[in-house]
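Commentary on secondary and tertiary structure
One-letter residues, chain by chain:
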Amino acid sequence: MNTQNHITVPSSLGLSVREGKVVVSSRDVAEKFGKRHDNVLRDIENLECSPEFGRLNFEESSYINKQNKLQPEVLMTRDGFTFLAMGFTGAKAAQFKEAYIAEFNRMEAELKNQDRGESLMKVLSDPHAVLKIVGALADERDKTKALEAKIEEDSHHVLFSKVSQASKDCISVNQLAKDINKMGYPMGEKRLFEWFRENGWLIKRSGSTHNLPTQKSVESKLFEINSTPKYQNGEERVYSTPKVTQKGKDFFLSVFEKMKRQEFGEELPLA
């Protein structure tokens, strides 16, 4: 790709792009600094730089003059120009040195941006590369979701560890369902669990914390956690179940009493 054709603002100082590098011809430097071209070529030849520096920053080239004759010129990189211009003195020369350095900076920055854009377009034009990127993004998204779920689950475990054994005044969800039935509102244990989950009192998400109280339920002291160790195949496992506190029992009985009176026409209180 000829990147030179894609520089948006042409250089007024004669800079151009050759083989992916911003360069300036010794002819343009001679013209702008008011010097004879042959003298500029001589100054370049007499520079006391290392052979390696000269090879990387000064490239011998040629052009055809008005008399249709092949004439020598040198293409310089920014470093090459800077090395040469050190020997140019005077106020006017100083102004042009600053202008050239600024122009080198502008064109090199634009060239880098173009290279990034071309690299991206090359990647996006390859279906296999696109699929690989999409797959990597999906993996990162899944990992992030899993990590967030783990952090949330761990926070529940930390909270529940503080109330691992329910007090003797607590009752089971099944017992609360029976008490609700006694006051004339039909309710079973399974249905009550579902109601708790749907209204934000118990955790709805599947996993090790499923059916355990939400953080707000515990902080409001409506539930406590009963943790029971059991042995299975020689391994100890702890099973946790929600227990309704006396405060929770009074609260939920009042909720269902109100629902009974209003014949289910009032919005239920949510956690």
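Within each chain, residues carry numbers counting from 1 in the order of the written sequence. Under the rules for a predicted model, residues below a pLDDT of 70 receive no local features and side-chain atom pairs below 80 are neither given nor counted, while totals for whole chains, interfaces and linings still include all residues. By convention in this description, side-chain values take in all heavy atoms of the structure and omit both hydrogens and water.

Considering the packing of aromatic side chains
To pair, rings of Phe, Tyr and Trp, with the six-membered ring standing in for Trp, must have centres within 6.5 Å; the planes then decide the type, stacked if under 30 degrees apart, edge-to-face if over 60, and tilted in the middle. If you walk through the whole model with that rule in mind, you get 18 aromatic pairs. Summarising the aromatic geometry, the rings of F196 and F252 are spaced 4.8 Å apart at their centres and angled 65 degrees between planes, so their arrangement reads as edge-to-face. Linking F196 in helix α8 (residues 189-198) with F252 in helix α10 (residues 246-261), this pair joins segments that are 56 residues apart in sequence. For the pair shown, F196 and F252 are each scored as buried. What links up through ring pairs into an aromatic cluster is the set Y185, W195, F196, W201, F223, F251, F252 and F256. Here, over-ring charges are defined by two tests on the NZ atom of lysine or the CZ atom of arginine: distance to the ring centre within 6 Å, and angle to the ring normal within 35 degrees. Looking at R27, its charged tip hangs above the ring of Y63, at a distance of 3.8 Å from the centre. Helix numbers and strand numbers start at the N terminus; a helix is a DSSP run of H or I with at least 4 residues, a strand a run of E with at least 2. Buried residues are those whose accessible area, probed at 1.4 Å on protein chains only, stays under 20% of the maximum for their type, while exposed residues exceed 50% and partly exposed ones sit between those limits.

Re the pattern of salt bridges
For salt bridges, the criterion is a side-chain nitrogen of Lys or Arg within 4 Å of an Asp or Glu carboxyl oxygen. By the definition in use, this model includes 10 salt bridges. Measuring nitrogen to oxygen at the nearest pair gives 2.9 Å for the salt bridge that ties E73 to R27. Highlighted residues: E73 in strand β4 (residues 70-76) and R27 in helix α1 (residues 26-32), separated in sequence by 46 residues. According to the relative accessible area criterion, E73 is buried, its value standing at 5%. Accessibility expressed as a relative area gives 34% for R27, which makes it partly exposed. A salt bridge links K249 to D179; its shortest N-O distance comes to 3.6 Å. You can see K249 sitting in helix α10 and its partner D179 sitting in helix α7 (residues 173-182), a full 70 residues away along the chain. Residues joined by salt bridges that share partners form a network here, namely E103, R106 and E110.

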